[in-house]
Every structure is written in C-alpha cells, then in structure tokens.
Amino acid sequence: MDTKVSLRPQDMRLSEALDEITRQTGITFSYSPRSIPVDQQVRITSSPKSLKAALDDLLLGMSVEYVIVEGKVVLRKSENSGRAGQSFTISGYLRGSEDGETLIGATVWVERPGLGTITNAYGFYSITLPAGIYVLKCSYLGYESTTREIRLSGNLGLDIDLKASTSMLEEVVVTVSDSVKTVGQVHSNIAELSNSTILQKPAVLGEPDVIKSLDILPGIQLFNDGSTFFHVRGGNRDQNQILVDEAPIYNPAHLLGLFSSFMPEAIKDIKIYKGNAGAEFGGRVSSVMDIHTKDGNMKKHHINGRLGLVTTRLSVDGPIRKNHSSFFVFGRRSHIKPLVSSEDFDEFFFSDLTGKVNLRLNQNNRLFLSVFSSKDQYLGEEGLAWENIAGTIRWNHTFNDRLFSNTTFYSSKYEYRLITSPTQTWANHIANASLKTDFTFYKKPESTLRFGFKLSGHNFNPGNLEGNENAPFVPKRNATEFSLYYSNEKQLSRRWLLTYGVRLSTWTNYGRTIEYTIDEDYAVTDTTTYEDRSSYNEYANLEPRIKLTHILNERNFLNVNYTRSAQYINLISNSISPFNNLEVWLPASVNIKPQLADQLSLGWIHNREKWQLNIEGYYKALQNQIDYANQAELLLNPQFEAEIRSGAGTAYGLEAILTKKTGKLTGSLAYTIARSTRKIEGINNGNSYTALSDRPAQFSINAVMSKNERTHFSGTLIVASGSPVTTPTSFYQYAGRTVPIYAEKNNDRLPTYHRLDLGWSHRLNKMERKYNHFISVSIFNFYGQKNSVLRSFNKIIQDDGDIVVPTTINTPEALKSTHTFVYRMVPSISYSFHL
C-alpha cells in the first residue's frame with residue numbers, strides 16, 4: 001500500500017483510474033461491477049502519492065472498502081459505510097483580499113457535479129455535497145478568479161478572499177463559464193450598475209451620479225434634463241422603491257433635481273429589479289433599486305477625495321480592529337452659495353452624509369450600523385428645504401452551515417418645508433420605522449429557500465401651515481404594514497430552473513385622524529373623526545411570483561416571469577414639472593385603494609466571452625391608478641381626496657441591450673420601446689390616454705475607450721421620444737382674451753430628446769502608488785442641444801411693453817408655443833485622489 005502512484009490530475013471513471021494504477025504498478029484489483037460503482041466519475045488529484053492515499057481519495061463518498069487478499073486489492077461494498085454516502089456542507093464568506101469587503105452576488109461553482117450558488121447580500125454562501133474531492137471555482141466581476149481543491153469528509157467552513165484585478169482592462173472580464181453556470185446571471189430583468197461605469201460616464205458639472213446614470217439602461221427613462229424623476233416599464237415615478245441598506249429613501253433630489261443623493265464612492269453594490277423582484281421585496285409595483293453602501297476596509301486606512309466645480313467630497317475608511325471591525329464615512333457639500341445673492345439667501349447648499357460601522361462579533365454573528373442623510377437648504381426670509389434621513393441596524397446570524405438570517409431595524413423620514421414668511425412655513429413629511437427578519441436556508445445545491453417577515457409603522461403629514469392658526473388643517477394619517485413571504489429557488493434539472501414564491505401583505509389604517517365619506521359624484525357627504533389609535537380600515541393582498549428559466553445551451557437562456565405586487569403609499573402631485581416640487585405622500589385608506597400590478601415578461605440572453613445580448617418583452621396590467629380632476633386643489637385642502645380619480649392602466653414594451661465587457665473598448669448599446677396608457681373615470685372624457693411615462697423609443701450608446709491603464713476616454717449618446725404633454729387643440733377669443741381649448745389629455749409630445757456627452761480621465765502618477773491622483777474633464781451636451789422640459793402657450797411681454805402670444809411669420813399667433821430648457825453645453829473639470 002506504500003507503492004507510489006503518479007496520476008495526472010483529471011476527471012475519469014473509477015474503472016479507468018483503477019486500470020491506470022494497474023498499468024503503472026502491476027497491482028491488480030478484484031471487484032464485482034454489480035456492487036461497485038465503476039462508472040462513477042472521480043477526480044484524480046495531484047500526484048505522486050501512495051496507493052493507500054490514492055484509493056482513499058478515489059473512494060471518498062462511496063460505500064466501498066478495500067482489503068488485501070493474496071496480493072490483490074479486493075474492492076467490496078462496505079458493511080459499515082460510516083460517513084460514506086453522507087452529504088456535508090461548505091459555507092463561508094467571499095471577500096476582497098485587499099479591503100475585506102464582502103462580495104455580493106459572487107459565484108461559487110463546483111466543477112463536478114456541475115452545481116453552484118451565488119453569495120447573498122452579505123457575501124455568504126452555502127453549498128451541500130456528498131463526501132468527496134471537489135474543485136471550487138470562485139469569481140466576481142472586477143476580481144481575479146480563484147480555484148480551491150477540497151476534500152469534503154465533514155462540514156467545512158471556508159472563507160475565500162479574491163484579489164482585485166490589477167489592470168483596468170481586466171476589471172470587467174467575465175468568462176462564459178463564470179456567467180452561464182450561475183442562476184444569478186440569467187435574471188434578464190435585473191439591471192446592475194458598477195461604480196466604474198458611473199465614475200467613467202460623463203456627468204453634468206463633473207458630478208458622477210447614480211440616478212442620472214440610469215439613462216443607459218433599457219426599460220428606465222429619466223423624466224427630463226434637470227430631474228431625478230424616472231419611470232420603469234411604463235410606471236409612475238412613485239412606483240419605484242429606493243432602498244439604502246434596506247431603508248427607504250423617498251426623494252433623492254438635490255438642487256431641485258439637478259443632482260441626486262447617491263454617490264458611487266459610497267456604494268458597494270446596486271441592483272435594479274424591473275419586474276421580477278424576489279418575494280422578499282414589496283411595497284412598489286414597478287421597480288426596486290437596492291443599494292448597499294461600503295462596509296469599510298478591514299485591512300488598512302484610506303482617504304479619498306474629489307474637488308469639482310459644484311461640490312467637494314471626502315471619504316475615510318479603515319479598520320477599528322484589524323480583520324474584525326471597520327468603519328466608513330463619506331461626506332459631500334456643495335459650494336454654490338457665491339452664485340446667488342447673499343441678500344436673498346442666508347443659506348444655499350446641499351449636502352450628503354453616509355456612515356457605517358461593521359463588526360464581526362464572532363464566526364456566526366455580525367453587526368452593521370448605518371446612517372444616511374441628504375439635505376437641501378435654500379433659505380432667507382423665504383425659501384425651501386428638504387431632507388432625507390435614515391438609520392439601520394442589521395444583525396447577521398449563522399445558525400449552522402445551511403441556515404443564515406438577517407434581522408434589520410430601520411427608521412426613515414423625508415421632510416419638505418416651504419418658508420413663505422419669517423413666521424409661516426408649509427411643512428409635510430413621511431416617516432416609518434420597521435423591523436424585519438429574513439432567513440435563507442440552503443436546503444441542497446438544487447434548492448434554496450427564503451422566508452421572513454416585516455412589521456412597519458408609517459406616519460404621514462400631507463402638508464400644513466405652521467404659524468398660521470387660521471389655515472385649514474389637513475388630517476395626518478397613520479398606518480401599520482405587516483408582510484410574510486416564502487420563496488424557493490430550485491434547479492429542476494441541468495436545463496431547467498424554477499423560482500416560485502408568494503408574499504402576503506396587510507395594511508391597517510388607524511387614528512387619530514379624520515376621514516371623509518365621498519359619494520360617486522366625488523362630493524363629501526360625511527365626516528368621521530377617530531379620536532383614539534384604534535384601527536378602522538384594512539387591506540390584504542396575496543402577491544405570487546414565479547420565474548422559469550430554460551438553459552438552451554451554455555450560451556443561450558430563455559426566461560419567463562410572472563409577478564404580482566401591491567403598493568400602499570402614493571405620491572399625490574399633479575405637477576408636470578421635472579423639478580422637485582411640493583410633493584405629498586399619502587397611504588391607502590378608505591378613499592384610496594392600494595395600487596396593484598400584474599406583470600408578465602419573456603426574455604432571451606445570448607452570452608459570449610466578449611459580449612452579451614439581452615432582449616426582453618413585457619406586459620403589465622395596473623389597477624387603482626391615480627390621477628386628478630381638472631384644476632384639482634391638492635395643497636391645504638382637507639378634502640383633497642375628492643379631487644382624486646382612480647382607474648386602470650396598461651404598459652407594454654421591448655428592451656434590448658448589447659454589452660461588451662472586455663478589451664480596450666467597453667460599453668453598451670441599448671434600445672427601448674415603452675408604451676403606457678391610463679383609463680380613468682372622469683379623466684379625458686373617460687377615454688384611454690397616453691401616460692406621462694410613455695416613450696415610444698429610446699436609444700443609448702455608452703462607451704469607454706482605455707488608451708492604457710492611466711488614460712480613458714468616454715462618451716454617451718442618448719436619443720429618446722419626447723415626454724407626453726397636453727397642448728391646446730384650438731383657441732377662441734372672449735372679451736378680448738385668448739382662451740385655449742384642451743380636447744384631450746397628453747395629446748402631444750415635447751420635441752425628440754437627444755444629447756452627446758464626452759469625457760476624459762487621467763491618472764496623474766505614472767505607477768500605482770500609496771498616493772494616486774486623477775484629473776477628469778467632461779462636456780455634458782457637447783453640441784449644445786436645447787432639450788425642452790416645458791412647453792407653454794403663455795403670452796410674453798415685448799420690449800415695447802405689448803403683451804402678445806409668441807409667433808412667427810409662418811404660424812398663426814395663437815398656436816405658437818415657447819419651450820424652456822435647462823442645459824446647453826456644460827464643460828467641467830474635477831480633481832480626485834486616493835490615499
């Protein structure tokens with residue numbers, strides 16, 4: 001048994017391995033093919049080794065034992081197999097080797113038997129296999145793949161560190177084997193944005209922006225220039241849920257929408273679910289943007305900064321106790337006050353703060369403390385201000401190798417204040433506090449179960465005047481929300497994958513508040529006052545989700561998805577302005593039913609080593625969609641629910657994106673058809689009309705050319721149909737006035753939107769050093785296109801004082817409109833450093 005055997009590492013049948021040993025050593029084997037699995041594939045590991053060690057490896061996991069009889073090795077079925085035939089679990093975390101950051105959505109693949117999993121939102125993985133010798137391959141975008149050979153004879157805890165790619169040209173490499181063998185890579189309607197994509201994309205005034213970068217993704221349309229409003233698959237802008245470390249953010253706008261609150265330097269991972277969000281997500285009917293901020297470097301301290309034309313930003317992170325705890329702090333503040341008169345404004349700025357503390361309590365417990373704040377203040381004797389603030393406490397607990405849990409408590413609040421005089425302010429807010437627990441059970445490699453619950457409390461102030469006792473009082477609202485969910489991600493075979501689940505959500509309104517009874521003619525007929533905190537109205541909805549994926553071959557996938565979702569909070573605003581305005585959030589209640597959506601989608605992915613093509617079509621049926629009566633009064637109106645109308649909506653479209661992720665030239669080419677209509681009683685004479693989110697066509701090209709590791713050129717081209725707008729169909733004269741006639745809602749469109757952005761970035765130091773610094777130059781809207789954001793038929797005052805409708809020689813004066821635009825060509829320069 002001490003005879004040395006030298007076998008070349010490879011996979012082969014057991015009988016072939018035994019024959020090769022006999023050929024090398026002359027030792028013969030005796031066995032019955034009926035009792036020994038001679039056709040089972042085995043892995044030959046590194047050689048040379050003794051015959052005993054080779055046989056122990058070959059027979060690991062089989063109910064087979066061997067004895068020496070008259071100079072022969074006799075193989076027979078084991079009478080006491082012990083651990084043979086049992087299954088064991090490999091589990092642990094995947095992290096970056098340089099900073100200790102956990103890697104979300106990384107691939108863990110077992111070459112034989114061809115099974116794998118992906119890490120969860122905290123970098124944890126678990127996979128259960130029969131006893132045996134296996135090769136694990138771990139990979140993640142922007143990191144070098146690593147391979148580990150393991151001998152599995154018991155449960156194994158294995159944390160794996162991946163090394164970041166040293167070359168920027170390698171940062172986006174994804175091989176075919178990495179992507180096609182992972183269930184997570186075939187979710188065709190999950191969009192991902194990487195930090196490198198956002199940072200390299202040319203941005204207005206040199207401010208890299210998460211929300212403004214969405215315009216290169218198919219199925220997502222920004223409302224217009226100067227706006228953070230966006231639509232997903234024909235949905236309204238309030239139907240998109242934005243989560244930062246699981247806490248909701250209600251208004252991500254800065255400076256009325258010119259910038260957003262989310263900076264790529266503070267973000268570790270972004271996923272946008274456009275229609276197949278898992279059962280663990282709920283509360284919106286169009287999309288979920290799930291943002292996870294950085295945990296902080298557990299190895300060493302870093303300082304990063306950026307100085308631009310509009311803002312200064314700085315981040316600091318590092319270990320509190322090396323390899324056990326870390327912190328991360330990011331801050332940004334504008335320096336735009338010199339642009340306005342100091343006589344008009346005492347304060348004129350916006351700012352952001354993101355912070356996190358990450359504690360590894362022990363092998364099975366981990367604690368995260370997060371805070372997020374974004375603030376705008378433009379104040380003098382009059383002015384306006386708004387703020388988002390959120391805090392999260394999360395506890396990760398590993399019960400065993402296969403059961404993982406995350407318990408989260410978060411609180412979030414958005415408040416808007418309009419100061420109309422030194423003593424009077426209009427203020428509104430939405431706030432909530434929630435407790436949730438999510439469990440992940442890795443039942444076996446072919447099946448992963450997810451289940452959990454969430455309990456939330458909500459408080460709404462629809463807007464009231466402070467400092468004016470004579471102003472009408474708009475009742476505040478309170479509600480609780482409870483939800484349960486379950487899902488199973490199951491591999492039916494090597495070709496078929498099935499994910500199914502269900503979410504049960506309930507919504508309860510409770511006092512103190514005032515509710516109005518509204519009849520079928522939208523007249524208020526009664527008033528009910530709820531003096532205590534007892535409940536008075538309830539809703540419940542069952543939200544099934546199912547997805548079926550067929551793997552045609554290693555390059556082609558087909559997906560079909562069905563999702564039903566419910567939404568219990570609503571943005572009440574009839575403004576068509578692209579800018580942040582006096583927004584009011586209200587809950588579903590006696591007079592406002594929950595929004596419901598049923599979406600069906602079908603997608604195809606074609607994957608190559610250097611590029612990927614993704615095409616998907618969808619159809620969405622919407623219920624209880626909100627619109628408003630003509631000339632509706634929504635502010636300081638206690639009975640504003642009488643102004644609300646509700647009905648049905650439909651949305652359908654086609655999305656395609658071609659992505660190139662390797663080589664010196666990388667980027668994407670995307671095309672979207674997104675049609676959306678509404679049919680609501682009392683609106684547009686009861687006829688169907690085009691929704692504000694309707695875009696017949698949108699085309700984008702985003703490209704990055706890497707000259708070398710130091711210098712990069714980038715460009716973005718966007719061409720899209722104009723936003724729907726309501727314009728007069730005719731005019732008539734009455735008492736010397738020109739009066740418009742509006743025959744149909746959203747009967748027209750703004751002109752076609754198009755722009756070209758160009759950028760250049762350069763690392764100033766020649767070699768990677770402890771101190772690295774960069775310069776970036778961008779030109780937003782390179783050829784100075786005047787993209788219209790508003791269209792008006794208002795009269796103007798001429799130089800001679802005459803008031804006229806704008807006109808030209810070739811058009812009747814009553815039909816000539818004016819257009820308002822935000823940008824022409826906007827050049828910028830910024831400097832950044834990494835220490």
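S.K.: Provide a residue-level description of the overall build of the protein chain, including the pertinent values.
M.R.: What the protein chain contains, in helices and strands, is four helices and 59 strands. Taking 2.2 N^0.38 as the reference for a compact globule, 835 residues should give roughly 28 Å; the C-alpha atoms of the protein chain span a radius of gyration of 31 Å, in line with that estimate. Along the first, second and third principal axes, the C-alpha set of the protein chain runs to 120 × 65 × 50 Å. Taken across its 835 residues, the protein chain has 52% of its residues classed as buried. The long-range share in the protein chain, meaning contacts at least 24 apart out of those at least 6 apart in sequence, stands at 65%. Accessible area of the protein chain: about 36,000 Å², with a carbon and sulfur share of 54%. Counting 89 positive and 83 negative side-chain charges, the protein chain places the centres of these two groups 8 Å from one another.

S.K.: Tell me what's going on with the nonpolar core, and back it up with residues and numbers.
M.R.: Counting residues in hydrophobic clusters, the biggest one holds 42 residues, and the most contacted among them are Trp507, Ile572 and Trp585. Elements with a minimum of two residues in this core: strand S28 (347–362), strand S30 (383–398), strand S31 (403–421), strand S32 (424–444), strand S33 (447–466), strand S40 (569–572), strand S41 (584–587) and strand S43 (611–628).

S.K.: Just give me the short version of the packing of aromatic side chains, but keep the residues and values in it.
M.R.: Summed over all chains, the structure comprises 22 aromatic pairs. Measuring from centroid to centroid gives 5.6 Å for tyrosine 250 and tryptophan 585, while their planes differ by 65°, and the two rings are edge-to-face. Here tyrosine 250, found in the loop between strand S20 (247–248) and strand S21 (253–254), pairs with tryptophan 585, found in strand S41; they are 335 residues apart in sequence, far enough to count as distant. Under the relative-accessibility criterion, tyrosine 250 is labelled buried at 9%. Ring geometry for tyrosine 378 versus tryptophan 386: centroids 5.8 Å apart, planes at 55°, classification tilted. Residue tyrosine 378 is classed as buried on the basis of its relative accessible area of 3%.

S.K.: Tell me what's going on with the sheet that holds strand S19 (residues 240–244), and back it up with residues and numbers.
M.R.: Note: strands within a sheet are paired through backbone hydrogen bonds, in either parallel or antiparallel orientation. Strand order across the open sheet formed by five strands is S16-S23-S24-S19-S20, with mixed pairing between neighbours. Looking at strand neighbours, the two that pair on one side only are strand S16 (190–192) and S20, the edges of this open sheet. Pairing between S19 and strand S24 (residues 287–293): five bridges, direction parallel. Paired with valine 244 across the two strands is isoleucine 291, which belongs to S24.

S.K.: Account for a negative patch on the surface, naming residues and giving values.
M.R.: Judged by side-chain charge, Asp346, Glu347, Glu381 and Glu382 come together as a negatively charged surface patch. Along the polypeptide, glutamate 381 turns up in the loop between strand S29 (365–379) and S30. By relative accessible area, glutamate 381 is classed as exposed at 63%.

S.K.: Lay out the pairing of strand S54 (residues 772–780) in plain terms, naming residues and giving numbers.
M.R.: Of the pairings in the sheet, the one linking strand S53 (residues 753–763) to S54 comprises six bridges and is antiparallel in character. Looking across to S54, one finds that leucine 758 is bridged to isoleucine 779.

S.K.: For a nonpolar patch on the surface, give the residues involved together with the corresponding values.
M.R.: A cluster of nonpolar residues, Phe451, Leu455, Phe482, Leu484, Tyr486, Tyr500, Val502, Leu504, Leu542 and Ile546, forms a patch on the protein surface that exposes about 810 Å² of accessible area. Elements that contribute at least two residues to the nonpolar patch include exactly S33, strand S34 (477–491), strand S35 (496–510) and strand S38 (535–551). Mapped onto the elements, tyrosine 500 comes out in strand S35.

S.K.: Talk me through the sheet that holds strand S3 (residues 29–30); I want residue IDs and the actual numbers.
M.R.: Strands sit in the order S3-S7-S6 across an open sheet of three strands; the sheet is mixed. Looking along the sheet, the strands with just one partner apiece sit at the ends: S3 and strand S6 (64–69). The sheet contact formed by S3 and strand S7 (residues 72–77) spans two bridges and is parallel. Residue pairing in the sheet places phenylalanine 29 in a bridge with valine 73 of S7. Those strands touched by helix H2 (residues 51–58) are S3, S6 and S7, and its axis lies near 155° from that of S6.

S.K.: Break down the environment of leucine 465 for me, citing the residues and quoting the values.
M.R.: Considering the arrangement of structural elements, one finds leucine 465 in strand S33. With relative accessibility at 18%, the residue leucine 465 sits in the buried group. Residues leucine 465 and leucine 636, 171 residues apart in the sequence, show an inter-C-alpha distance of 7.8 Å. Those residues in contact with leucine 465 that sit more than four places away from it in its chain are Gln424, Thr425, Trp426, Ala471 and Leu636.

S.K.: Please provide a residue-by-residue account of H2, values included.
M.R.: Taken together, the buried positions of H2 are occupied by Leu51, Ala54, Leu55, Asp57 and Leu58. Taken end-on, H2 shows its buried residues confined to a sector of 160°, consistent with a single buried face.

S.K.: Any details on the confidence of the model for the protein chain? Residues and values, ideally.
M.R.: Mean pLDDT over the protein chain stands at 87; residues scoring 70 or higher make up 92%. In the predicted structure, residues 80–84 sits below a pLDDT of 50 and forms eight contacts with residues beyond four places in sequence or in another chain. When the criterion is pLDDT under 50, residues 167–183 qualifies, and its contacts beyond four places in sequence or with other chains add up to 44 contacts.

S.K.: Tell me about the packing of helix H1 (residues 14–25) against H2, and name the residues and values.
M.R.: Here H1 crosses H2 at 175°, and the two axes come no closer than 12 Å. In terms of axis orientation, H1 runs roughly antiparallel to H2. Residues Leu14, Ala17, Leu18 and Ile21 of H1 form the contact with H2, whose participating residues are Leu51, Leu55 and Leu58. Looking at the contact of H1 with H2 residue by residue, the class counts come to seven nonpolar, no polar and no charged.

S.K.: For H1, give the residues involved together with the corresponding values.
M.R.: For H1, which comprises 12 residues, the first-to-last C-alpha distance of 17 Å matches the rise-based estimate of 16 Å (1.5 Å per residue) to within 8%. Among the residues of H1, Leu14, Ser15, Ala17, Leu18 and Ile21 are the ones counted as buried. Projected onto a plane normal to the axis of H1, the buried residues spread over an arc of 160° and lie on a single side. The exposed set on the far side of H1, more than 90 degrees from its buried face, consists of Asp19 and Arg23. Positive backbone phi, at 80°, marks glycine 26, one or two positions downstream of H1.

S.K.: Account for the pattern of salt bridges, naming residues and giving values.
M.R.: Taken as a whole and assessed by the stated rule, the structure comprises 32 salt bridges. Here glutamate 415 ties to arginine 417 by a salt bridge, and the two come within 3.4 Å at their closest N and O atoms. You can call glutamate 415 partly exposed: its relative accessible area is 24%. On the basis of relative accessible area, arginine 417 is assigned to the partly exposed category, the value being 28%. Notably, a salt bridge pairs glutamate 543 with arginine 545, separated by 3.1 Å at the nearest N-O pair. For the pair glutamate 543 and arginine 545, one class covers both residues: buried. Members of the salt-bridge network, linked through shared partners, are Glu101, Asp245, Lys268, Asp295, Lys356 and Arg394.

Parameters and conventions
Residues numbered from 1 in each chain as written. Predicted model: local features only at pLDDT ≥ 70, side-chain atom pairs only at ≥ 80, totals over all residues. Heavy atoms only, no water. Helix = DSSP H or I, 4+ residues; strand = E, 2+ residues; numbered from the N terminus. Rg over C-alpha atoms; globule rule 2.2 N^0.38 Å. Buried < 20%, exposed > 50% of the residue type's maximum accessible area, 1.4 Å probe, protein only. Contact = heavy atoms within 4.5 Å. Areas by Shrake-Rupley, 256 points an atom, 1.4 Å probe, with all protein chains shown as cover. Lys, Arg positive; Asp, Glu negative; His and termini not counted. Charge placed at Lys NZ, Arg CZ, Asp CG, Glu CD. Core = buried A, V, L, I, M, F, W, Y, C linked by side-chain atoms within 4.5 Å. Phe/Tyr/Trp six-rings, centres within 6.5 Å; stacked < 30°, edge-to-face > 60°. Pairing = 2+ DSSP bridges. Patch = residues over 30% accessible without salt bridge, like charges linked within 9 Å, V, L, I, M, F, W, Y side chains within 5 Å. Salt bridge = Lys/Arg side-chain N within 4 Å of Asp/Glu carboxyl O. Axes fitted to C-alpha atoms, helices over the stretch in contact; angles between N-to-C directions. Arc of directions from axis to C-beta. pLDDT = per-residue confidence, 0-100. Parallel < 35°, antiparallel > 145°, perpendicular 65-115°, else oblique. Nonpolar A, V, L, I, M, F, W, Y, C, P; charged D, E, K, R; others polar. Expected span 1.5 Å × (residues − 1).

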